[in-house]
Amino acid sequence: MRTTDAVWLAPGEPQEIQSDLVSRFQQEYGRAASGTWFAPGRANLNGEHIDFHAGRCLPMALAHGTYVAAAPRTDGQLRLRTLDASLDDGITTVTPDQIGPAAAASGQDVSGHWSHYVSGVLWALRELGRSQPAFAVDADFGADLLVVSTLPIGGGLSSSAALECASILAFLALGTPFGQDNPLQDLNAALTRENRKDLAAACVRAEVEVVGAGTGGLDQTAAMRARPGKVLSLDCRDFSVTPLDIGCILRGYRLIAVDTGEAHRLADGQFGDRRADAEAATRLLGLDRLRDALPEQPRKADVSHVLEEFDRLAEQLETLDGRSVEACRRRLHHALTEMVRSEKLHHLLSGEAYGVRHIASTVGDILTAGHMSMRDDAEVSFDIADLVVETALAQGAEGARLIGGGFGGSVLVLITPAAIPKLTAALERISRRIRLLDVAPSAAAQAL
Ligand code: ADP
Ligand code: MG
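These numbers come from a predicted model, not from an experiment.

Thoughts on the domain arrangement of the protein
Taken domain by domain, the protein comprises domain 1 (11-243) and domain 2 (244-438). Relative placement of domain 1 and domain 2: their C-alpha centres are 26 Å apart. Counting from both sides, the interface comprises 34 residues of domain 1 and, opposite them, 45 residues of domain 2. Of all residues in domain 1, the largest losses of buried area upon contact with domain 2 belong to Leu 45, His 49 and His 53, amounting jointly to 21% of the total for that side. Our count for the domain 1 to domain 2 interface comes out at three salt bridges. Asp 245 is the partner of Lys 230 in a salt bridge, and the nearest nitrogen-oxygen pair spans 3.6 Å.

This is how it looks when you write it as structure tokens:
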């Protein structure tokens, strides 16, 4: 029992984490923090590698997330420290001339230091403030920040977006008229849905333009706009969201995220490579965004039609924009079937037509089909993830799949509570680095 407990990664008690962080801030910077902000990680029921194709994604916020304690400065500098043991290298100072895409691209630090996520967000908020005066960041604004997270870092549960979203709330609170008008927790009620959408978009700009990672907006939307108890059905054509009740899946079942302990690095080339394959296929089809290849309510037959069209257009080609035609076709196949799975889940979760057992097994089948597609078509899975999926299914899970960008990360499992002890024991035999997180759909980013 003891070993089994050890594999669970608890979200912790937010108030305790906050008060520890605030006292640590005092020690670190020799002054009091002005506040603490939190943003959650996420698990995605379906919709990997399709946010940038305008597909539908179905994320939920975790109770696990990232906490940022901060106090303002008036010299434009950022001083940053993370308490994550693997990344902590003391206080990093970022001067105003080092903030923004140009500074990041000038290559003084090509190693992708974590501080770029935070300085990138300050730059992106300044950009947003140009068109929205309430969000205009004071010219000399800077801040001291201390970061702690209850998420695995690089574990496919979106620690990067959690860091961005907690940081942007800190900057909004401490450096803008909006923050001055809505101090401390007043910020939470003052933020409209539209505000949250704009702030999520700013975080996307930070990750794409400053960090240089190819994120499509799923993670930041989940962190900034999730609702407790809901799956956020996100239409990436216009970033509109429909919160859907998850009760019908979770009645008699649990969702668990299995962190494989294999961290990925999305800033590396592989993720961008997969995306480039799919984009080459999209161009061949003559489309700006791949979602438009399918009708509003797509079926399997629609996928076949698009693939036939692709084969016809690719017939005489040896390569496609210098890429393997077969690889591009597999990425296309993944993206299209993933879109169909998302629409099917959206439909299932919106309706009331199914019995408990039926909906869980249907959702489970969709999860598992999603994994096979990640493995065989997107080709972003890896040995431990495949083994975790196989093991979960062998232990009676309704379904399991790799979530996140792949090349490391976590597997989402739908299973009955009764089957969990055997599953955890089996997972412990696979790798000592495996950790389990309970997926309890939680609230979005907020001031604490
Ligand atoms: P994921 O978002 O799936 O966890 P990413 O590779 O997108 O994985 O993001 C991980 C990166 O984000 C880390 O390498 C680090 O640069 C940054 N990061 C995330 N959380 C923290 C944290 N708590 N402290 C410092 N940096 C962090
Ligand atoms: Mg990330």
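Let's talk about the nonpolar core
In terms of nonpolar packing, the biggest core is built from 75 residues, with Trp 37, Leu 45, Leu 125, Phe 171, Leu 172, Leu 187 and Leu 199 touching the most fellow members. Top element by residues in this core is helix α5 (residues 159-175). It accounts for 11 residues. Inspection of this core shows a minimum of three residues originating in each of domain 1 (11-243) and domain 2 (244-438). Val 7, Ile 256, Val 388 and Ala 400 belong to the second-largest nonpolar core, a separate cluster that totals 25 residues.

Details of the site of ligand 1
Ligand 1 sits among 18 residues. The nearest are Thr 82, Gly 154, Ser 159, Ser 160 and His 264. Note that an oxygen atom of ligand 1 is positioned 3.5 Å from one of the backbone N or O atoms of Gly 155. The class makeup of the residues in the shell around ligand 1 is eight nonpolar, nine polar and one charged. Lining the shell around ligand 1 are residues from two domains, each supplying at least three of them: domain 1 (11-243) and domain 2 (244-438).

Thoughts on the packing of helix α4 (residues 115-131) against α5
At a minimum axis distance of 9 Å, the contact between α4 and α5 shows a crossing angle of 50°. The orientation of α4 with respect to α5, classified from their angle, is oblique. The chirality of how α4 crosses α5 is right-handed. Across from Tyr 117, Val 118, Val 121, Leu 122 and Leu 125 in α4, the residues of α5 making contact are Ser 160, Leu 163, Glu 164, Ser 167, Ile 168, Phe 171 and Leu 172. Residue classes in the contact of α4 with α5 are distributed as nine nonpolar, two polar and one charged.

A closer look at the sheet that holds strand β14 (residues 435-438)
Strand pairs in the sheet, formed through backbone hydrogen bonds, run parallel or antiparallel to each other. The strand order across the open sheet built from four strands is β12-β13-β9-β14, with neighbouring strands paired in antiparallel fashion. At either end of the open sheet lies a strand with only one pairing partner, and these are β12 (399-403) and β14. Adjacent strand axes in the sheet meet at a mean angle of 25°, parallel and antiparallel pairs treated alike. Sheet topology note: the strand β9 (residues 254-259)/β14 ladder contains four bridges and is antiparallel. Its bridge partner being in β14, Ala 257 is matched across the sheet by Leu 437.

Thresholds applied
Numbering of residues starts from 1 in every chain and runs along the sequence as written. Written order decides the labels, with chains lettered from A and ligands numbered from 1. With pLDDT at 70 or above as the cut-off, local features in this predicted model cover only qualifying residues; side-chain atom pairs require 80 or more to be listed or tallied, and sums for whole chains, interfaces and linings still use all residues. Hydrogens are left out, water is left out, and the side-chain values use all remaining heavy atoms of the structure. All the domain ranges listed were derived from an automatic or database domain assignment. Whether two residues are in contact is decided by their heavy atoms, any of which lying within 4.5 Å being enough. The buried area of a pairing is the accessible area, by a 1.4 Å probe, that goes missing from both parts when the two are put together, added over both. A pairing counts as a salt bridge when a side-chain nitrogen of Lys or Arg comes within 4 Å of a carboxyl oxygen of Asp or Glu. Joining through side-chain atoms within 4.5 Å is the link that ties buried Ala, Val, Leu, Ile, Met, Phe, Trp, Tyr and Cys residues into a set, and such a set is a nonpolar core. Accessibility here uses a 1.4 Å probe with only protein chains present; expressed as a share of the type maximum, an area under 20% marks a residue as buried, one over 50% as exposed, and anything in between as partly exposed. A run of H or I in DSSP becomes a helix once it reaches four residues, and a run of E becomes a strand once it reaches two; helices and strands are each numbered from the N terminus. Put simply, a residue is near a molecule or strand once any heavy atom of it comes within 4 Å of that molecule or strand. Polar contact criterion, stated in full: a pair of N or O atoms within 3.5 Å, where within protein one must be able to donate a hydrogen and the other to accept it, and residues adjacent in sequence count only if both atoms are side-chain atoms. Amino acid classes used here: Ala, Val, Leu, Ile, Met, Phe, Trp, Tyr, Cys and Pro are nonpolar; Asp, Glu, Lys and Arg are charged; the rest, including Gly, are polar. Note on geometry: axes are lines fitted to C-alpha atoms, helical ones only across the stretch in contact, with angles between N-to-C directions running from 0 to 180 degrees. Oblique is the label for every angle not falling under 35 degrees (roughly parallel), over 145 degrees (roughly antiparallel), or within 65 to 115 degrees (roughly perpendicular). In this scheme, a crossing is called left-handed if the near helix is turned counterclockwise away from the far one by less than a right angle; it is called right-handed if the turn is clockwise. Pairing between two strands is assigned when DSSP locates at least 2 bridges connecting them.

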